[in-house]
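Observations on the model geometry
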Amino acid sequence: MKIVNICLAGSYNYGWGYQDNLISKYQHKNGNDVILIASRFTNDKNSEEYLEVPSEIKLDNGVKVIRLEHGLGKIGTKFLRHYKGLYKVLVSEKPDFIFIHGLQFIDILYVCKYLKKHPEVNCCVDGHADYTNSAQSKFSYFVHKTLWKYCAQQINKYAKIFYGVLPVRCEFMMEMYGIPENKVELLVMGADDEFLSAAQKNREKTRKDMKFSESDFVIITGGKIDAHKTETILLMKAVNELSVKYLKLLVFGAVAEELKEIFNSQLSDRVRYIGWLDQKEIYKYICASDCGFFPGRHSVIWEQMVAAGIPSIFRKLPKTDHVDIGGNCLFLDDGSEESIKEAIEYIIKKENYIKLKNNSSSLRKNNFLYSNIAKDSIENVIKKSS
């Protein structure tokens, strides 16, 4: 089957652990011919930049990537997401299945045009927008409620399923765009099977290389550390202040410039910063840790911790309890230093940790692995169309 993934609602970053990369990778591994159509926007660690990249490349995972030229100049394209040649590419590639990653691009109307002419082609849409990352200003809310809702209603005529990658994102599509509840399903994010397996096999070597002893209790946290995730600083402070010598904290990710001074002041022999990591390295250190701790906003690393079977502590946020698969994690009611300390003191008690660890290992679900996510997301749509 030929599958075309369309990633035109924003930037596309090859090698990052986002769903568009990993679903397309495992679509190919599952035996499909896979094309990914993307914008020429790509992200640096801290900012969005426009890069001149090849218009067509073959990735090392077998996926062909076609990047489209801007249709309205850089600024116009970033706002309306109009590009040159989408319809022409669809006609040339002749897909059997179209997977749209994010519906907020005006050129989705060309996808509708193609699907109207080719009703035999299956289509689904995934959504990564919610009220924490979208529609926050009055203007943004207006754009979502008008322009993007219009786009959603047009593709709704052809798409069999709208996947929200978090429960709150399923809700957003129904409330903001009026997508019928019976067409909205949860499609969890997860982990790269290959990277995870390799990292698990090398756990002891990684810990040895990091000079951790067998008795050290290693907590890991990370992601983008900016004004929206200042709780990471409080976690660092809590570990430094707790009088538990065997307690260690690994912190990874890009640190915003305005936080670097206070961030660096919390580094110590117990709190280590290991920098910005690529995907392979993230799995490496996840699997070398004993516990994940994420006191701020959600990131895909939450699902990676679940897939790895590592007990974790997550911030209690609306409709993100899908990461609790049966006693594998704890939830923080707030991100205060006091709450963080209490959670650490609870989880380092041997009997509490063993219970969480056993649950994490025995209850780990295969639906947090991208080989299965990629397979199920396609099969669910085909079942609905039959």
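Residues numbered from 1 in each chain as written. Predicted model: local features only at pLDDT ≥ 70, side-chain atom pairs only at ≥ 80, totals over all residues. Heavy atoms only, no water.

**Topic: the overall build of the chain**
For the chain, the helix and strand inventory stands at 15 helices and 16 strands. Relative to a compact globule of 386 residues, whose C-alpha radius of gyration would be 21 Å, the chain shows 21 Å and is just as compact. Within the span of the chain, comprising 386 residues, buried residues form 55% of the whole. Within the chain, counting contacts between residues at least 6 apart in sequence, those at least 24 apart form 70% of the total. Here the chain displays about 17200 Å² of accessible surface, and carbon together with sulfur accounts for 51% of that area. When the 54 basic and 48 acidic side-chain charges of the chain are each reduced to a single mean position, those positions are 4 Å apart. (Helix = DSSP H or I, 4+ residues; strand = E, 2+ residues; numbered from the N terminus. Rg over C-alpha atoms; globule rule 2.2 N^0.38 Å. Buried < 20%, exposed > 50% of the residue type's maximum accessible area, 1.4 Å probe, protein only. Contact = heavy atoms within 4.5 Å. Areas by Shrake-Rupley, 256 points an atom, 1.4 Å probe, with all protein chains shown as cover. Lys, Arg positive; Asp, Glu negative; His and termini not counted. Charge placed at Lys NZ, Arg CZ, Asp CG, Glu CD.)

**Things to note about unusual backbone geometry**
Where the residue is not glycine, phi is negative for most of them; where a peptide bond is considered, it is trans in most cases. The phi angle at Arg-81 is positive, at roughly 60°, despite the residue not being glycine. With respect to the helices, strands and loops of the structure, Arg-81 is situated in the loop between α2 (73-80) and α3 (86-93). The backbone of Ala-135 sits at a positive phi, close to 55°, despite the residue not being glycine. Looking at the secondary structure, you find Ala-135 in the loop between β8 (122-127) and α5 (138-155). For Ala-135, a relative accessible area of 9% translates into the label buried.

**Re the nonpolar core**
The biggest cluster of nonpolar side chains holds 50 residues, and the ones touching the most others in it are Phe-99, Leu-196 and Ile-286. Element by element, the count of residues in this core is highest for helix α12 (residues 301-308), at six residues. In terms of nonpolar packing, the next biggest core, distinct from the first, is built from 42 residues, Leu-90, Leu-103, Tyr-114 and Ala-152 among them. (Core = buried A, V, L, I, M, F, W, Y, C linked by side-chain atoms within 4.5 Å.)

**Describing the packing of helix α1 (residues 19-29) against helix α7 (residues 193-201)**
Contact geometry of α1 with α7 gives a least axis separation of 11 Å together with a crossing angle of 90°. Compared by their axis directions, α1 and α7 come out roughly perpendicular. Of the residues in α7, those touching α1 at Lys-25, Tyr-26 and Lys-29 are Asp-193, Glu-194 and Phe-195. Its residues assigned to classes, the contact of α1 with α7 shows two nonpolar, no polar and four charged. (Axes fitted to C-alpha atoms, helices over the stretch in contact; angles between N-to-C directions. Parallel < 35°, antiparallel > 145°, perpendicular 65-115°, else oblique. Nonpolar A, V, L, I, M, F, W, Y, C, P; charged D, E, K, R; others polar.)

**Structural notes on the packing of aromatic side chains**
Within this structure, the stated rule accounts for eleven aromatic pairs. Centroid distance Trp-302 to Phe-314: 4.6 Å. Interplanar angle 20°. Geometry classified as stacked. Pair noted here: Trp-302 is in helix α12 and Phe-314 is in strand β15 (residues 312-315), with a separation of twelve residues, a long-range link. You can call Trp-302 buried: its relative accessible area is 0%. On the basis of relative accessibility, which here comes to 0%, the residue Phe-314 falls in the buried class. Put simply, the rings of Phe-294, Trp-302, Phe-314 and Phe-331 pair up and form one aromatic cluster. Stacked on the ring of Phe-195, the Lys or Arg Lys-25 has its end atom at 4.5 Å from the ring centre. The residue whose ring lies beneath Lys-113 is Tyr-87, and the NZ or CZ to ring-centre distance is 4.4 Å. (Phe/Tyr/Trp six-rings, centres within 6.5 Å; stacked < 30°, edge-to-face > 60°. Lys NZ or Arg CZ within 6 Å of the ring centre and 35° of its normal.)

**Topic: the pattern of salt bridges**
Enumeration over the complete set of coordinates arrives at 19 salt bridges. Here Asp-290 ties to Arg-203 by a salt bridge, and the two come within 3.1 Å at their closest N and O atoms. Of this pair, Asp-290 sits in the loop between α11 (279-288) and β14 (291-294) while Arg-203 sits in helix α8 (residues 203-209), placing them 87 residues apart in sequence. Relative accessible area serves as the criterion here: at 9%, Asp-290 is assigned to the buried category. The structure contains a network of salt bridges with shared partners spanning Lys-25, Lys-29, Asp-192 and Glu-194. (Salt bridge = Lys/Arg side-chain N within 4 Å of Asp/Glu carboxyl O.)

**Here we look at the environment of Ile-344**
Here Ile-344 is to be found in helix α13 (residues 337-347). Among residues more than four places away in sequence, those in contact with Ile-344 are Ile-219, Leu-235, Ala-238, Val-239, Leu-242, Leu-247 and Phe-293.

**Comments concerning the sheet that holds strand β11 (residues 217-222)**
Taken together, six strands build an open sheet; the order of strands is β13-β12-β11-β14-β15-β16 and the sheet is parallel. For this open sheet the edge positions go to β13 (271-273) and β16 (329-332), each flanked by a neighbour on one side alone. The mean inter-strand angle of the sheet, taken between neighbouring strand axes irrespective of direction, is 25°. Note: β11 against strand β12 (residues 247-252), six bridges, orientation parallel. Each residue of the ladder has a partner; that of Ile-219, found in β12, is Leu-249. (Pairing = 2+ DSSP bridges.)

No statement about biological role is implied by the geometric values presented.
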